[in-house]
Every structure is written in structure tokens, then in C-alpha cells.
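Listed below, chain by chain, are the residues.
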Amino acid sequence: MSSAQENEREVSGSVPLEEIERSGKPAFVLSLTEVKLLGIAGVGFFLDAYDLFIINPVLTMLQYRLYGGNSLPVGLHGFVNASANIGSVIGQFTFGYLADALGRSAIYGKELMLIIFATIMCLTTPTGSLSPNSSLIYLGIFRIILGIGVGGDYPMSASVTSDRSNLYKRGTMLAYIFANQGWGSFIGSLNTVIVLACYKHVMNDEGETSKADGVWRIVVALSLIPAFATLYQRLTMPESTRYTEARRMAENQEADLEKEVRALKNVGHNTEGITASSSHSGSDIEKEDRTQESAVPPSQNGPANPEAIATKKDKAQIGEFIAYFSEWRHAKHLIGTCVCWFLLDIAFYGINLNQNVVLTQIGFAGKTGSDWEKLFKVSTGNLIVTALGFVPGYYATVLTIEKLGRKWIQIQGFLLAALFLGILAGKFNTLSHAAFIVNFALLQFFFNFGANATTYCYPAEVFPTRFRAFAHGISAASGKAGAIISALAFNALSQDIGTPAVLWIFFGCCIAGAFFTLLLPEVKGRDPDLVLAQEIREARANQQVLKGVM
């Protein structure tokens, strides 16, 4: 390779496709190390979707336990329904910042401990001793705490996976992680159907509908199994080599930049292990010249726009972050990830948190029959809705993300979701049941083979390691803000202006999302740490020129 080609590759931070494919194996074929990493990091998204799904049947069951089958108070219903998303915003900001400031290994696992604690406390909801309204408030408070843990998992698992992934399989690994969201929804639906079937005799034949109180506790408790299974691995996972190298480059003003660049390239070619022995054995460069490292303690981080790194002065982590994103070339990427995720979640959660319209169309609204039959029919309908488009769409992304690229998938996903939303909105009252189901299935498919997956992948790939977790947390929190708005406004707007008009609003969000995607670069094969290193090199060269002039 010529020196000109080498320099061009370093500036872009990307690698030619022939080098990416030289192993001969498709990106979606995983090694044992990658499977272990996915198993540990994917649990958070499994629990996120499991919890998101499960609150709808839980609240339905609490109608029978607390209110004799009557509707829940509107305000409390909205509070409990939105509580986990409110907590998620807090968790995404907090854990994202801490993961960059203190390191992934210092924080990873704490969010799962919070999920476990909050889940256990939700199970202890004293429906027999508190008033119905107080029981819902109790449940909602601990679901906020649960949401903090779930929200914290977004930036944590994304940054841990991105830091450790082979550069040329990074998108596939992140898509695999996010696909657990589909499985969480599906398994949550399946568990509800199975546990309800086990309770058929006592609830349906003997008429003890209040036993629904036991059903929801069992279904919620089942989520603790995968949480406990991976807690130890998260708590003991060592720091990644990439994070260590990136932090050293940012902190050491006298760093040998060429050595640091070679170290970052080296860690980008292999998926890093999850044990201490494998985590620190991959880089000989990292072991060289330890005496040249900065004496600055890890808690004192330098400013991080390229010019500031080149002329290092001590600043807090937040100052570093602000300095880096004060430049438009970086700020536009953060704006792009935040706005796209916000717009996506308005439409995605607006549809999926309010599935009563869909269940009515497919004949599973649970309006007739005994109380048990109503619950079972709604749960079966949720299972069908989940299977229609959730899981297939995620795996279409897994199989194609390294071929098609993130930008293409996100734009086509937004546009095709807009198309099917437009069909549902325009023909809402005239579509046959079969046509409605087909359009809804395609809508779900292109949400997940599209922006729902790539809005998660983009912040984990476009930002340098030093700011990845916090930037991902801000982006994810923007998405949850959209979800909260949609969850709280959908029913009221549907009553005021009609469901078709609300679907047209979702249509507009998807069109706008495709437009804002244009702010983002294609990140396939792109190493943001090498891009930052080139910016630092140029800033240092500019400083030398200025010194020469003065």
C-alpha cells in the first residue's frame, strides 16, 4: 500500500472492503468470544423490551385485582405506564456520563443491580394492604427506579460492545444486541400466555379472577432469571484496551501520537475478550514505554476538541465534552443522532404502547367472554403482534448492516415506515382486516429493519471512545423523551382529532427523520478514534505553525 493510500485511510478512519471481507466469513457469523459478549450485553435490551411489554397486561390484571374489572384512574394509569420511560431518561444521562468519566468497568453491572432491586420491589406491591390508588403509586415509584437501570443499560452495553468489537463486525454486533429487544417482547408475551393458561382452572372455572394478582407477579419475576445469570460477568468485566488507549491519548499532551494510532488500529481488528487475561493481551504497543504515560490521575481529564487536546489543560470531563461538541463538524452528528431517535420513538412507541387499535382490527381486543378469556385473548393478540414484524425486522438488519451500511438502512426504514403509516392513516376506516394486518406487519418490519435499530447503532459508532457513552446516553434520552410524549399524548389526541390524524403526525415524524439522517456520515468501517487522532495531528501542526510565526 502506498503512503498516500495509508494517509487517506487514516484520515477517514475506514478500511477498504476487500480487507473487511478477507476472512471469507460473513459478519453475522460469530466467534465464541463474540457470543459471550452478546450474551452479557444483550440482557439489558431483553429486559427493556420485556418490561415495556409486560406493563400493559400487568395493568389489565390489576384492574381485576384492585378495581373489580373497572378501568384504572386515568392519571394513575398514565403515571404507571410512563414511569419506566421517565426513569430511563435519568439513567441514560447519568450512566452515560459516568461511563466516560470513570470508565466502563467501574460502572458496568451497577445498572443491572438497580434493575434487579427495582424488580423485586415491584413484586412486593402490597395490593392486599394498601388502597388501590396507593398500590399503583407504589408500583409506579419502583418502576421509575427500574427505568433508571434500564436506561443506564443503553449507553453502557452500547459502549462496552463497540469498544470491544472487531471494527468490521461492529455494526453487526450492535444489531445483535438490539435484536434482544424483539426477543424480550416476544418472550414477555409468551410467558403471559403460558402463566395465564396455568391459571385457567382457578380463574375461569372457579371464578377467582383476583388470582390475576399471582399471574402478573410470576411473569414479572421471570425476568430476574437472565438478570441474575449475567450479573457476575458484568461486575467483573475488565476495562477494554480501546478505552484505555483512547483515554491515554486524550490525557497525555506529550503522547507519541503515531504509537497511539497504531495501538488503536491494533485493537480494531479483533473482538476483545471479556476476561482479564484476554482483555489486556492483545496490544504489545500498549505495553511499551509505560514511563511515557502522563502523570495526570485518571479522574483529571483534558479538554477534548482537537486543538485543546493538542495544547492540554486540565478540565473536568463535562468541559471536555462541551469543548469537543462546540465544533459544528461534531455537533451536527450529535444533533443528528438525538433528533432521529426522538422522531423515531414518537412514531414507534406511539404505535406499540397503544396497541388496542391493532388488537381490535385483528379480533383480539378482549371485549367479550369471561374475565379470564378477555385477558387470554389480549395476551394472545400481543404475541401475534410481536411475532408479525418485531423479530424478523431486527434480523434483517443483522444480516445486512455491514453490506448496506447504517445510513442507507436508516433512510429507507424511515421512508418505508412513512409509506405504511400513510396507507394506514389514509385508509384507516376502509382497509379489510387482512390488509390492515399486512400493512401493520410491514410497518413493524421496516421500523426494525430501519431506524429503530440504526438509531441505537449510530451513537455507538460515530463518536470517539472518550465521549461515546455520554453521547449515546444523550441520544437515547432524546428518544425516550419522544416515547414519553407519544405515550401521554396518543390517547388524548386520538379522542380530539381521531386516530388517522395521529397516524399522519407519525408519518411526518418519519419523513423528518429521513431528512435529519443526512446530517450523519456513513460509519461502516469507520474508526472515530482514528478520525479524532487525525484531527489532533492537524491541530498540533497548526500550533507549531503559530509558534513559528510568533
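Residues numbered from 1 in each chain as written. Predicted model: local features only at pLDDT ≥ 70, side-chain atom pairs only at ≥ 80, totals over all residues. Heavy atoms only, no water.

### A word on the overall build of the chain
This is how it is decided: Helical segments are the DSSP runs of H or I of at least four residues, strand segments are the runs of E of at least two, and each set is numbered from the N terminus. Any residue under 20% of the maximum accessible area for its type is buried, any over 50% is exposed, and the rest in between are partly exposed; the area is computed with a 1.4 Å probe on protein chains only. Residues count as neighbours in contact if any of their non-hydrogen atoms are within 4.5 Å of one another. Computed with the Shrake-Rupley method and a 1.4 Å probe, the accessible areas treat only the protein chains shown as cover for residues.
For the chain, the helix and strand inventory stands at 27 helices and zero strands. Of all 550 residues assigned to the chain, the portion counted as buried reaches 59%. Pairs at least 24 residues apart make up 83% of the contacts formed inside the chain by residues separated by at least 6 positions. Element-wise, carbon and sulfur atoms account for 64% of the exposed surface of the chain, whose accessible area totals about 20,800 Å².

### Structural notes on the nonpolar core
The test is simple: By convention a nonpolar core is built from buried Ala, Val, Leu, Ile, Met, Phe, Trp, Tyr and Cys residues, the set being connected through side-chain atoms within 4.5 Å.
Judged by nonpolar contacts, the single largest core of 111 residues is most densely connected at Leu-136, Tyr-456 and Phe-506. Tallying contributions element by element places helix α4 (residues 43-66) first for this core, with 14 residues. The residues contacting Phe-506, other than those within four sequence positions of it, are Ile-346, Ala-347, Gly-350, Ile-351, Leu-421, Ser-486 and Phe-490. The next biggest cluster of nonpolar side chains, apart from the first, holds 16 residues, and it includes Leu-334, Val-462, Phe-467 and Ala-471.

### Some thoughts on the side chain of Arg-104
Inspection of the secondary structure assignment puts Arg-104 in helix α6 (residues 104-107). Setting aside residues up to four positions removed in sequence, Arg-104 forms contacts with Ala-99, Met-156, Ser-159, Val-160, Asp-163, Glu-239, Tyr-243, Thr-465, Arg-468 and Ala-469.

### Observations concerning the pattern of salt bridges
Operational definition: By convention in these notes, a salt bridge is any Lys or Arg side-chain nitrogen within 4 Å of a carboxyl oxygen on Asp or Glu.
Per the counting criterion, the structure on display carries 18 salt bridges. Across the salt bridge formed by Asp-527 and Arg-242, the nearest N and O atoms sit 3.1 Å from each other. Residue Asp-527 is located in the loop between α26 (499-516) and α27 (528-549), and its partner Arg-242 is located in helix α13 (residues 241-251); the two are separated by 285 residues in the primary sequence. Sharing partners across several salt bridges, the network here consists of Asp-100, Arg-104, Asp-163 and Arg-468.

### Digging into empty space enclosed by the protein
Stated formally: As defined here, a cavity is a set of points on a 1 Å grid over the protein atoms alone where a 1.4 Å probe fits but cannot get out. A pocket is an open set with protein on both sides within 12 Å along at least five of seven lines, and residues line them when an atom is within 4 Å of a point. Grid points are joined across faces, edges and corners, and a volume is the space filled by probe spheres set on the points. Basically, the charged four are Asp, Glu, Lys and Arg, the nonpolar ten are Ala, Val, Leu, Ile, Met, Phe, Trp, Tyr, Cys and Pro, and anything else, Gly included, counts as polar.
Inspection of the entire model under this criterion finds seven cavities of 30 Å³ or more. Taken as a whole, the largest cavity spans an internal volume of roughly 180 Å³. As for the largest cavity, its lining consists of 18 residues, and the residues nearest its centre are Asp-51, Ile-54, Thr-119, Leu-146 and Val-220. Counting residues per element, the ones that place at least two in the lining of the largest cavity are α4, α7 (110-123), α8 (132-164), α11 (212-221) and α12 (224-235). In terms of residue class, the lining of the largest cavity is built from 14 nonpolar, two polar and two charged.

### Digging into a nonpolar patch on the surface
Put simply, the rule is: Only residues above 30% relative accessible area that lack a salt bridge enter a patch, with like-charged residues linked at up to 9 Å and the nonpolar side chains Val, Leu, Ile, Met, Phe, Trp and Tyr linked at up to 5 Å.
Taken together, the side chains of Phe-28, Val-29 and Leu-399 define a hydrophobic patch exposed on the protein surface, amounting to about 230 Å² of accessible area. The residue Phe-28 is located in the loop between α2 (17-20) and α3 (32-41) in this model.

### Structural notes on the confidence of the model for the chain
Low-pLDDT stretches of the model should not have their predicted coordinates read in fine detail. Put simply, the rule reads: Each residue carries a pLDDT score, the predictor's confidence in it, ranging from 0 to 100.
Averaged over all residues, the pLDDT of the chain is 80; the fraction at 70 or higher stands at 79%. Mean pLDDT across the secondary structure elements of the chain bottoms out at helix α16 (residues 284-287), with 35, and peaks at helix α22 (residues 406-426), with 95. Taken together, the stretch residues 1-22 has pLDDT below 50 and engages in 30 contacts with residues farther than four places along the chain or on a different chain. In this model residues 307-316 is a low-confidence stretch, pLDDT under 50, and it forms 27 contacts with partners more than four residues away in sequence or in other chains.

### Examining the packing of aromatic side chains
Note the following rule: Two rings from Phe, Tyr or Trp (for Trp, the six-membered ring) form a pair when their centres are within 6.5 Å of each other. A pair whose planes differ by under 30 degrees is stacked, one over 60 is edge-to-face, and the rest are tilted.
Counted according to the given criterion, the structure contains 29 aromatic pairs. Grouping aromatic residues by their ring pairs yields a cluster made of Tyr-97, Phe-321, Tyr-324, Phe-325, Phe-463, Phe-467 and Phe-470.

### What about the environment of Asn-204?
In plain terms, the rule: Counted as a polar contact is a pair of N or O atoms within 3.5 Å, where, for protein atoms, one must be capable of donating a hydrogen and the other of accepting one, and residues adjacent in sequence contribute only when both atoms are in side chains.
Relative to the helices and strands, Asn-204 resides in helix α10 (residues 200-205). Residue classification places Asn-204 among the partly exposed residues on the basis of a relative accessible area of 21%. Within the structure, Asn-204 has its side chain in polar contact with the side chain of Ser-370 (distance 2.6 Å).

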